[in-house]
Amino acid sequence: MFCDVVVSVHDSRPENPLPDLRLDRPFPALVEFIDKLDLSTMPKKEHNHTPFLAIIYKYMEQWKKEHNGQLPLRNKSEFKDLIRSGILIHENGVPELEENFEEAIKNVNIALVPSQMSSEVRTLFEDKNANNLTKESCNFWVTVRAIKEFVENEGEGLLPVRGSIPDMFADTERYVQLQKIYRQKADEDAVAVFQHAERLLRDIGRPKTDLTELTVKHFCRNASFLRVIRCRSLQEEYEPSTASIGDIATYLEMGDNEIIFYVLLRAVDRFFAEFGRYPGYYDDQMEMDISKLKSCLCKLLQEWEINQFNVDDYIQEFCRYGGAELHSIASFVGGCAAQEVIKLITKQFIPLNNTFIFNGIKQTSSTFQL
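Keep in mind the model is a prediction, meaning the values are calculated, not measured.

K.L.:
Go over a nonpolar patch on the surface with me, naming the residues and quoting the values.
P.N.:
A cluster of nonpolar side chains, contributed by Leu-18, Ile-110 and Val-113, occupies part of the molecular surface with about 210 Å² of accessible area. Mapped onto the secondary structure, Val-113 falls in the loop between helix H6 (108-111) and helix H7 (119-126). Residue Val-113 is classed as partly exposed on the basis of its relative accessible area, which comes to 36%.

Set out below in structure tokens:
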């Protein structure tokens, strides 16, 4: 089974995004909060309930002092050992069980991810729709431009802070303080972006009420996950002059993959257009239909200037099922299509682009941009 999904603009969110911690480029309020914490003098209870963000930042600053300001991006094992050295030692010489320090060591890789924009977001900022706003520009592009101007000014090269932090082993008071610090910074960034958006709307002759502060805040919270997916139309896919024939040929040369079903289904479409029925629909014409479908496939490959290949087993199977629709397969593909519709309506999560093929024999699926 295969289906095509065509969509123009979409903003999406991954299911398991990395947290936006900014430990490598901390904002003033975060630095002020952490600098007030002194791991060397605080009581034991406070020590083993200090949020792991503060622990990683403290030892990151120590590492930078000892390594000419460099972050431990290539020496993470040594950096973990440095953090481990901060665990309190019991009077009998055995290290204390401090879950927050173990949590810090476990989250080093996440915390050290550089604060930077993804290539997808940079592509949005360079898009002509963002750089040439008109009165007809949709709110998406106005907001993208506003975020871009924030990045170039107040953000100092960074996107607005997301404003959320992961769960962690910590006392309630300091964890809530951290939450408030990140949330307040996110709110400040969103206000700055909204001001840019209001000015842009005014410049293109539109009322500032076209964009609400709540909408802009939502965009800022998901700025790292904004995407534009420009799918090809079915006409472009089927027109020989615009079809992605080179990509199809490359996929076929790669060997065993689902693209062969796409090619055969295109041959089946040609068969149906010529004979008004699906191959194998009548049992007494099975052998004739196998020959006819093979002929349709040969003509299709000749038009695409792709070398012939042996798919006799596949052709026989296509004719054997005679255009039947198995309930389980139809249900699965229908569910996939419904899921994509929900994505497009809610404008959340990344949609398929653009041809999805499900192999019911192997229980595998693939997506091809054709």
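From this point on, the discussion continues.
K.L.:
Describe in detail the pattern of salt bridges, supporting the description with residues and values.
P.N.:
Applying the stated criterion to the full structure yields 18 salt bridges. With a closest N to O distance of 3.8 Å, Glu-32 and Lys-36 form a salt bridge. Between Lys-217 and Asp-187 there is a salt bridge, with the nearest N and O atoms lying 3.1 Å from each other. Here Lys-217 is found in helix H11 (residues 213-221), whereas its partner Asp-187 is found in helix H10 (residues 172-203), with 30 residues between them in sequence. The class of Lys-217 is partly exposed, set by a relative accessible area of 35%. Residue classification places Asp-187 among the partly exposed residues on the basis of a relative accessible area of 30%. One salt-bridge network, in which partners are shared between bridges, spans Arg-145, Glu-149, Arg-199 and Asp-203.

K.L.:
Lay out the environment of Val-108 with the relevant residues and their values.
P.N.:
Among the structural elements, Val-108 can be located in helix H6. Apart from residues lying up to four places away in sequence, Val-108 is in contact with Ile-56, Lys-76, Phe-79, Lys-80 and Ile-83.

K.L.:
Give a detailed account of the nonpolar core, specifying residues and quantitative values.
P.N.:
Ranked by internal contacts, the top residues of the largest apolar core, which has 35 residues, are Leu-23, Leu-53, Ile-56, Phe-79, Ile-83 and Tyr-182. Secondary-structure elements contributing two or more residues to this core are helix H1 (28-35), helix H3 (52-66), helix H4 (76-84), helix H5 (99-106), H6 and H10. A total of nine residues in this core trace back to one element, the largest contributor, which is H3. Of all hydrophobic cores here, the second largest spans 31 residues; its members include Ile-259, Val-268, Leu-301 and Phe-368.

K.L.:
Any details on the packing of helix H14 (residues 259-275) against helix H15 (residues 286-304)? Residues and values, ideally.
P.N.:
Direction vectors running N to C along H14 and H15 enclose 115 degrees, while the axes themselves pass 9 Å from each other. For the element pair H14 / H15, the angle class is roughly perpendicular. Viewed along their axes, H14 and H15 form a crossing whose handedness is right-handed. Every residue of H15 that contacts H14 at Tyr-262, Val-263, Leu-264, Arg-266, Ala-267, Val-268, Arg-270, Phe-271, Glu-274 and Phe-275 is listed here: Asp-289, Lys-292, Leu-293, Cys-296, Leu-297, Lys-299, Leu-300, Leu-301, Glu-303 and Trp-304. Across the contact of H14 with H15, the residue classes break down as 13 nonpolar, no polar and seven charged.

Each value, and the rule that gives it
- Residues numbered from 1 in each chain as written.
- Predicted model: local features only at pLDDT ≥ 70, side-chain atom pairs only at ≥ 80, totals over all residues.
- Heavy atoms only, no water.
- Patch = residues over 30% accessible without salt bridge, like charges linked within 9 Å, V, L, I, M, F, W, Y side chains within 5 Å.
- Areas by Shrake-Rupley, 256 points an atom, 1.4 Å probe, with all protein chains shown as cover.
- Salt bridge = Lys/Arg side-chain N within 4 Å of Asp/Glu carboxyl O.
- Helix = DSSP H or I, 4+ residues; strand = E, 2+ residues; numbered from the N terminus.
- Buried < 20%, exposed > 50% of the residue type's maximum accessible area, 1.4 Å probe, protein only.
- Contact = heavy atoms within 4.5 Å.
- Core = buried A, V, L, I, M, F, W, Y, C linked by side-chain atoms within 4.5 Å.
- Axes fitted to C-alpha atoms, helices over the stretch in contact; angles between N-to-C directions.
- Parallel < 35°, antiparallel > 145°, perpendicular 65-115°, else oblique.
- Left-handed = near helix turned anticlockwise from the far one by under 90°.
- Nonpolar A, V, L, I, M, F, W, Y, C, P; charged D, E, K, R; others polar.

Shape is all these values report; function is a separate question.
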